[in-house]
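# Analysis of the macromolecular model
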Amino acid sequence: MPMERVLLAHGSGGVESHHLISEIFFKELGNEILALGEDAGVIETGGKIAVSTDGFTVTPLFFPGGDIGKLAICGSANDVAMMGAKPSYITCSFMIEEGFEVEKLRKIVASMGKELQKSGMKMISGDTKVIPKGGVDQIFITTTALGEVKHPLSCHHLEVGDAILVSGAIGTHGAVIYASREEMGLKSPLESDCAQLWEMLEPLLAANLGIKTMRDATRGGLAAVLNEWSQSVGKGIEISEETLPFKTEVKGICEILGFEACNLANEGMCVIALPKESASRALEMLKAHPLGLEASLIGEVVENHPGRVVMKSEWGTRRYLDYPSGELLPRIC
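Definitions and cut-offs
Residues numbered from 1 in each chain as written. Predicted model: local features only at pLDDT ≥ 70, side-chain atom pairs only at ≥ 80, totals over all residues. Heavy atoms only, no water. Pairing = 2+ DSSP bridges. Helix = DSSP H or I, 4+ residues; strand = E, 2+ residues; numbered from the N terminus. Axes fitted to C-alpha atoms, helices over the stretch in contact; angles between N-to-C directions. Contact = heavy atoms within 4.5 Å. Buried < 20%, exposed > 50% of the residue type's maximum accessible area, 1.4 Å probe, protein only. Arc of directions from axis to C-beta. Parallel < 35°, antiparallel > 145°, perpendicular 65-115°, else oblique. Left-handed = near helix turned anticlockwise from the far one by under 90°. Nonpolar A, V, L, I, M, F, W, Y, C, P; charged D, E, K, R; others polar. Salt bridge = Lys/Arg side-chain N within 4 Å of Asp/Glu carboxyl O. Core = buried A, V, L, I, M, F, W, Y, C linked by side-chain atoms within 4.5 Å.

### Thoughts on the sheet that holds strand S1 (residues 49–56)
- The strand order across the open sheet built from four strands is S1-S6-S4-S5, with neighbouring strands paired in mixed fashion. Each edge of the open sheet carries a strand with a single partner, namely S1 and strand S5 (122–131). Shown here is a sheet whose adjacent strand axes are inclined to one another by a mean of 15°, direction ignored.
- Here strand S4 (residues 85–97) pairs with strand S6 (residues 139–149) via eleven bridges, running antiparallel. Within the sheet, the bridge partner assigned to Ile90 lies in S6 and is Ala145.
- Across the face of the sheet, helix H3 (residues 102–119) comes into contact with S4, S5 and S6 while running at roughly 175° to S4.

### Here we look at the environment of Gly46
- Within the element layout of this structure, Gly46 appears in the loop between helix H1 (15–29) and S1.
- Distance from Gly46 to Glu148, taken between C-alpha atoms, is 8.9 Å for residues 102 residues apart in sequence.

### Structural notes on unusual backbone geometry
- The omega torsion of the bond from Thr59 to Pro60 falls at 0°, within 30 degrees of zero and hence cis.
- Not every positive phi belongs to a glycine, and Asn208 is a case in point at roughly 55°.
- On the secondary structure map, Asn208 appears in the loop between helix H5 (198–206) and strand S8 (213–216).
- We note that His305 has phi near 35°; this positive angle belongs to a residue other than glycine.
- Inspection of the secondary structure assignment puts His305 in the loop between strand S11 (296–302) and strand S12 (309–312).

### Re the environment of Gly174
- Inspection of the secondary structure assignment puts Gly174 in helix H4 (residues 172–180).
- For Gly174, a relative accessible area of 1% puts it in the buried group.
- Sequence-wise, Gly174 and Ala265 are 91 residues apart; in three dimensions their C-alpha atoms are separated by 4.7 Å.

### Brief notes about helix H7 (residues 248–257)
- Buried within H7 we find Val250, Ile253 and Cys254. End-on, the buried residues of H7 take up no more than an arc of 100°, which puts them together on one face. Turned more than 90 degrees off the buried face of H7, the exposed positions are Thr248, Glu255 and Ile256.
- Against the buried residues of H7 lie H4.
- Count one or two residues on from H7 and you reach Gly258, which has phi positive near 75°.

### Description of the packing of H4 against H7
- One can describe the packing of H4 onto H7 by two numbers: an axis separation of 10 Å at closest approach and a directional angle of 60°. Classed by the angle they form, the pair H4 and H7 counts as oblique. Viewed along their axes, H4 and H7 form a crossing whose handedness is left-handed. Residues Thr172, Ala175, Tyr178 and Ala179 of H4 form the contact with H7, whose own contacting residues are Val250, Ile253 and Leu257.

### Side note on the packing of H1 against H3
- It is at 8 Å that the axes of H1 and H3 come closest, and there the two elements cross at 30°. Judged on the interaxial angle alone, H3 and H1 are roughly parallel. Along its contact with H1, which presents Leu20, Glu23, Ile24, Phe25, Glu28 and Leu29, the element H3 presents Val102, Leu105, Arg106, Val109, Ala110, Met112, Gly113 and Leu116.
- Split into classes, the residues belonging to the contact of H1 with H3 amount to ten nonpolar, one polar and three charged.

### Considerations on the pattern of salt bridges
- For the structure on display, the rule yields twelve salt bridges.
- Between Glu294 and Lys247 there is a salt bridge; the shortest N-O distance is 2.8 Å. Of this pair, Glu294 sits in the loop between helix H8 (279–287) and S11 while Lys247 sits in the loop between strand S9 (236–240) and H7, placing them 47 residues apart in sequence.
- Look at Glu294 and you get partly exposed, because its relative accessible area is 33%.
- Here Arg319 makes a salt bridge to Glu260, at a shortest N to O gap of 2.9 Å. In this pair, Arg319 sits in strand S13 (residues 318–320) while Glu260 sits in the loop between H7 and strand S10 (270–274), placing the two residues 59 residues apart along the sequence.
- If you follow the salt bridges from partner to partner, you end up with Glu159, Asp162 and Lys212 in one network.

### Re the nonpolar core
- Core analysis: the largest hydrophobic core is formed by 40 residues, its most contacted members being Ile68, Phe94, Leu105, Met112, Met123, Ile139 and Ile141.
- Those elements giving two or more residues to this core turn out to be H1, S1, helix H2 (68–81), S4, H3, S5 and S6.
- The element that contributes the greatest number of residues to this core is H2, accounting for seven residues.
- Beyond its immediate sequence surroundings of up to four residues, Ile141 is in contact with Asp54, Gly55, Phe56, Ile68, Gly69, Ala72, Cys92, Ser93, Phe94, Ile108 and Met112.
- In this structure, Val166, Leu190, Phe259 and Met311 belong to the second largest nonpolar core, which totals 36 residues.

In structure tokens, the structure reads:
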């Protein structure tokens, strides 16, 4: 009898669990390591390994440009890439609400499989729990990505004079999630920027441009990244508002809802710090990739106002770009 909905029995570890795993997860994500059926995947390596774990919960589950499955793969893969490591392996945990439609689950897992095929990453271990109805909101996914560090990076390497770049438009994912929620009543052709960044960034790292650090601007957006960096090294960061790349739709949504666009999340854009003399070459290389067409030099690390981020407007005024506070966008990633 074909599965139509996820039942509590599917999380019991018995035959139903086996059917769920083999018919959906192994079909889309299977490889020789998962096929061994062990409790953990074993990999051999002789270098430094970057590991990142993240939980994903988003409303709606499916949105323009992606879904929670794509988000879960890209999110953890990008976290590893930000450390100068190529994402190679990933593990995954699913928390599924009783009664969740199997067809939706199939689409989510297929989306994950498609992202793994793009990058060559392998799913090496996983877990599934079915929670009684009301215990979770539909489905939560946790992923752990691993990769060998090719080019060690750290925000503690930041120095006065370093240039600050963004690889793409700011706040796109957060704006899409708001526009996609039926209760908001907003219509927009905008799509999430959700994407894996390693393919775009690998040539930059290999080009010996002296990249100090990178960070993907997810929850808290650009403002969170810059404030974290500034506070970590006790130096100031100045950015120019007129150089910040925003899509027209994002500006419109922010104006309607009164948001600070720099606080909105991205899922396919990163912030890069490197020596000023390498900035033009880095921009040229970023713009040569489809994900980097809107890359921009936005500012630099400075000695003044240590631990703070200052934004200069197009009229020459200055204001602090503070660390985001509160829950601006619930359930976005």
